[in-house]
Amino acid sequence: RALGENANSTGGALVPEEFANRVIRLVENYGTFAASSVEKVTMSRDTMIVPKRVGGTTAYFVGEGTAVTESEPTYANVQLVAKKLAVGTRMSSEVVEDALISLADAVATEFATSLAYKTDLCGWVGDGTSQYGGINGLVNKINDGTHGAAVLPAAAGGTGFETLTVTDFVKMIGKLPLYARQGAEWYISPAGFAASMARLRYAAGGNTIEQVGGGVSEQFLGFKVNLVHVMDTTLGADSGKIKVLFGNLGLSSIYARRRDFSVRMYDQVYATTDQLLLQGTMRFDIVHHSLGDGSVAGPVIALKTA
């Protein structure tokens with residue numbers, strides 16, 4: 001009877017399993033809002049006030065010896081209030097000591113991903129509730145009914161990504177004020193990009209085999225395309241939804257950081273159970289302060305399905 005690996009009693013107990021000191025981790029990249037062209041400021045206190053021009057002066061024609069009609073510029077304040085975002089995990093001292101991988105590093109990486117994901121949700125699609133720290137995301141705020149001039153309805157029949165036309169996108173460019181053209185970029189979900197912009201580029205006449213084989217770069221109508229995972233990804237008919245944003249976020253929005261992402265380990269909180277607490281925190285605020293009104297478009301234009 002020969003020894004073998006198939007049973008512990010005949011030799012299998014002498015052959016240990018190999019365990020890799022790494023973790024397979026397939027996670028989307030988040031942090032698109034913080035990485036965008038949005039204006040970034042650092043807060044030295046928990047509250048910051050940024051003055052904003054609301055209106056300017058008015059010029060009038062006057063005759064000789066006639067008093068000049070006076071006018072004054074108007075201003076308002078944009079308030080930023082640091083909000084604390086936190087995540088935590090409790091671990092036993094044994095698992096920290098005995099794990100083959102650096103468990104603290106692995107958990108810290110998960111913290112960074114979860115905080116970046118939440119930041120993206122707040123910046124792009126937040127609805128102002130406590131779930132988003134009271135932050136109104138760009139998609140939600142531009143569609144709240146008070147910024148109608150910045151929302152462009154797609155042409156009749158354009159009820160989804162697959163039925164949007166080049167004309168819809170060209171109209172977005174045409175609607176954007178000239179002062180916002182420099183630095184303007186597209187913002188759309190990966191699924192939306194493939195079903196609309198990429199589809200339109202492949203359908204355009206004059207494509208060669210080499211061009212099609214080379215794939216579609218993330219560029220459309222001369223402007224950079226940013227893929228945002230948390231924006232609308234619904235395919236098919238989906239009426240009345242904001243699908244695409246185009247503009248200069250550096251002129252419309254502020255991302256204020258009071259404290260960047262940091263990780264701390266506490267070994268006294270759960271001392272009686274010999275456990276460690278790992279916490280990741282950051283303090284920030286996001287305000288979209290300039291999106292136009294009902295008659296004048298701001299530095300960002302939204303495309304809404306018919």
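For every chain, the first residue of its written sequence is number 1, and the numbers climb from 1 along that sequence. This being a predicted model, a pLDDT of at least 70 is required before a residue's local features are given, and a value of 80 or more before pairs of side-chain atoms are given or counted; all residues contribute to the totals for chains, interfaces and linings. Neither water nor hydrogens contribute to the side-chain values; these are computed over all heavy atoms in the structure.

Where helices and strands are cited, they refer to DSSP runs of H or I of at least four residues and of E of at least two residues respectively, numbered from the N terminus. Looking only at helices and strands, one finds eight helices and twelve strands in the protein chain. Values of the radius of gyration come from C-alpha atoms, whereas the globule rule sets the reference at 2.2 Å times the count of residues to the power 0.38. The C-alpha radius of gyration of the protein chain comes to 27 Å, more than 25% above the 19 Å expected for a compact globule of 306 residues. Its C-alpha atoms put the protein chain at 115 × 60 × 30 Å along the principal axes. Partly exposed describes any residue whose relative accessible area lies between the buried limit of under 20% and the exposed limit of over 50%, with all areas from a 1.4 Å probe on protein chains only and scaled to the type maximum. Per-residue burial over the protein chain gives 36% buried out of 306 residues. Working rule for contacts: check all heavy atoms of both residues, and any pair within 4.5 Å makes them a contact. Considering only intrachain contacts with a sequence separation of at least 6, the fraction spanning at least 24 residues in the protein chain is 75%. Side chains of the protein chain carry 26 positive and 29 negative charges; the gap between the two charge centres is 5 Å. Positive residues here are Lys and Arg, negative ones are Asp and Glu, while His and the chain termini are left out of the count. For the purpose of locating charges, the reference atoms are NZ of Lys, CZ of Arg, CG of Asp and CD of Glu.

Let us now look at the side chain of Asp168. Mapped onto the elements of the fold, Asp168 is located in helix H5 (residues 166-175). In what follows, salt bridge is the name for a side-chain nitrogen of Lys or Arg lying within 4 Å of a carboxyl oxygen of Asp or Glu. In this structure, Asp168 is buried with no salt-bridge partner, the nearest side chain bearing the opposite charge being Lys171 at 5.7 Å. At 2.9 Å, the side chain of Asp168 and the backbone nitrogen of Thr165 are in polar contact. Discounting residues that sit within four places of it in the chain, Asp168 has contacts with Leu152, Ala154, Ala155 and Leu303. Definition of a polar contact: a pair of N or O atoms within 3.5 Å, with one able to donate and the other able to accept a hydrogen when the atoms are protein atoms, and with sequence-neighbouring residues admitted only if both atoms are side-chain atoms.

Remark on secondary structure: sheet strands pair via backbone hydrogen bonds, oriented parallel or antiparallel. By the convention used here, strands pair only if DSSP detects at least 2 bridges between them. On the basis of which strands lie adjacent, the open sheet formed by four strands has the order S1-S10-S11-S4 and mixed pairing. Two strands bound the open sheet, and with one partner strand each, they are strand S1 (39-42) and strand S4 (83-92). Put simply, the sheet's adjacent strands are angled 25° from each other on average, direction ignored. Two strands pair when backbone bridges link them, and S4 and strand S11 (residues 275-288) are joined in this way by ten bridges, in the antiparallel orientation. Residue pairing across strands places Lys84 opposite Arg283, the latter belonging to S11. Structural elements are reduced to axes, namely lines fitted to C-alpha atoms, with helices fitted over the stretch in contact, and the angle between N-to-C directions of any two is expressed from 0 to 180 degrees. Sitting on the sheet, helix H3 (residues 103-125) touches S4, strand S10 (253-270) and S11, and the angle it makes with S11 is about 20°.

The subject of this paragraph is the environment of Lys224. When you line up the elements, Lys224 lands in strand S8 (residues 223-227). Overall, the relative accessible area of 43% leaves Lys224 in the partly exposed class. Along the primary structure Lys224 and Ala184 are separated by 40 residues, whereas in three dimensions their C-alpha atoms are 8.0 Å apart. Beyond its immediate chain neighbours, meaning those up to four positions away, Lys224 contacts Glu185, Trp186, Glu218 and Gln219.

With that settled, consider unusual backbone geometry. Within the chain, Leu221 stands out as a residue other than glycine whose phi angle is a positive 55°. The topology assignment puts Leu221 in the loop between strand S7 (219-220) and S8. When its relative accessible area of 37% is taken as the criterion, Leu221 is described as partly exposed. Phi angles above zero are rare outside glycine, and Asp274 is one such case at about 55°. Along the chain, Asp274 turns up in the loop between S10 and S11.

With mixed pairing, the six strands of this open sheet are ordered in space as S5-S12-S9-S6-S8-S7. Two strands close off the open sheet at either side, each with one partner strand: strand S5 (151-153) and S7. In this sheet, S8 lies alongside S7 in antiparallel orientation, the contact comprising two bridges. Opposite Phe220, over in S8, you have Phe223 as the bridge partner. Sheet contacts for helix H6 (residues 190-203): strand S6 (185-188), S7, S8 and strand S9 (242-247); angle to S6, the most-contacted strand, approximately 125°.

The next point concerns the packing of aromatic side chains. The pairing test for Phe, Tyr and Trp rings, Trp by its six-membered ring, is centres within 6.5 Å, and the orientation test on the planes gives stacked under 30 degrees, edge-to-face over 60, and tilted for anything in between. Applying the stated rule across the entire model yields ten aromatic pairs. With centroids separated by 6.4 Å and ring planes inclined at 85°, the aromatic side chains of Phe33 and Tyr255 adopt a geometry described as edge-to-face. With Phe33 in helix H1 (residues 32-35) and Tyr255 in strand S10, this residue pair connects regions lying 222 residues apart in the sequence. Judged by relative accessible area, which is 0%, Phe33 ranks as buried. By the ring-pair criterion, three or more aromatic residues cluster together here, those being Phe33, Trp124, Tyr187, Tyr255 and Phe284. The cationic tip of Arg90 hangs over the ring face of Tyr270; the distance from NZ or CZ to the ring centre is 3.9 Å. The residue whose ring lies beneath Lys118 is Tyr132, and the NZ or CZ to ring-centre distance is 5.7 Å. Look at NZ for Lys and CZ for Arg. If either is within 6 Å of the ring centre and within 35 degrees of the ring normal, a charge sits over the ring.

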